[in-house]
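# Notes for the structure review
Listed below are the residues making up each chain.
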Amino acid sequence: GPSIPRRDRDADRERYCRLMLILFHPWRDPRDLKSPAETWEDAFSRCRNHFSPQALSVMDNLQLLHECRDSRND
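The model shown is predicted, which means the values in this text are computed figures rather than measured ones.

The rules behind the values
- Residues numbered from 1 in each chain as written.
- Predicted model: local features only at pLDDT ≥ 70, side-chain atom pairs only at ≥ 80, totals over all residues.
- Heavy atoms only, no water.
- Buried < 20%, exposed > 50% of the residue type's maximum accessible area, 1.4 Å probe, protein only.
- Helix = DSSP H or I, 4+ residues; strand = E, 2+ residues; numbered from the N terminus.
- Arc of directions from axis to C-beta.
- Contact = heavy atoms within 4.5 Å.
- Core = buried A, V, L, I, M, F, W, Y, C linked by side-chain atoms within 4.5 Å.
- Phe/Tyr/Trp six-rings, centres within 6.5 Å; stacked < 30°, edge-to-face > 60°.
- Axes fitted to C-alpha atoms, helices over the stretch in contact; angles between N-to-C directions.
- Left-handed = near helix turned anticlockwise from the far one by under 90°.
- Nonpolar A, V, L, I, M, F, W, Y, C, P; charged D, E, K, R; others polar.

With that settled, the discussion passes to helix α2 (residues 40-47). All of the buried residues along α2 are W40, A43, F44 and C47. Along the axis of α2, the buried positions cluster into a sector of 100°, meaning they face one direction only. Each element contacted by the buried residues of α2 is listed here: α1 (13-24) and α3 (53-73).

Below, the structure is given as structure tokens:
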């Protein structure tokens, strides 16, 4: 399937925010994740303080995997 988007690339930022909300923010309906007037990045910023320390650690580790692959390929 598609790869996890990077949080440090502007082109991937909306996809990254959407996926992190889907994975780590409780929801039953897509409207639980963001309001129609919000961007995914705005919704992610609003919810960031509510993520568990474990969820934040997973997000950091996902980014670290991207950075390790970059270093390996250099």
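Core analysis: the biggest nonpolar cluster contains 13 residues, and Y16, M20, L21, F44, F51 and M59 have the highest contact counts within it. Residue assignment for this core shows that the elements contributing at least two residues are α1, α2 and α3. Filtering out sequence-adjacent residues up to four positions away, F44 remains in contact with R13, Y16, C17, M20, L21, F51 and M59.

Attention now goes to the packing of aromatic side chains. Tallying each qualifying case throughout the model produces two aromatic pairs. Where Y16 meets F44, the ring centres are 5.8 Å apart and the plane angle is 70°; that geometry is what we call edge-to-face. In this pair, Y16 sits in helix α1 while F44 sits in helix α2, placing the two residues 28 residues apart along the sequence. By relative accessible area, which is 2% here, Y16 ends up buried.

On to the packing of α1 against α3. Interaxial distance between α1 and α3 falls to 11 Å at its minimum, and their mutual angle equals 140°. The handedness of the crossing between α1 and α3 comes out as right-handed. Where α1 approaches α3, its residues Y16, M20 and F24 are matched on the opposing element by A55, V58, M59 and L62. The class makeup of the residues in the contact of α1 with α3 is seven nonpolar, no polar and no charged.

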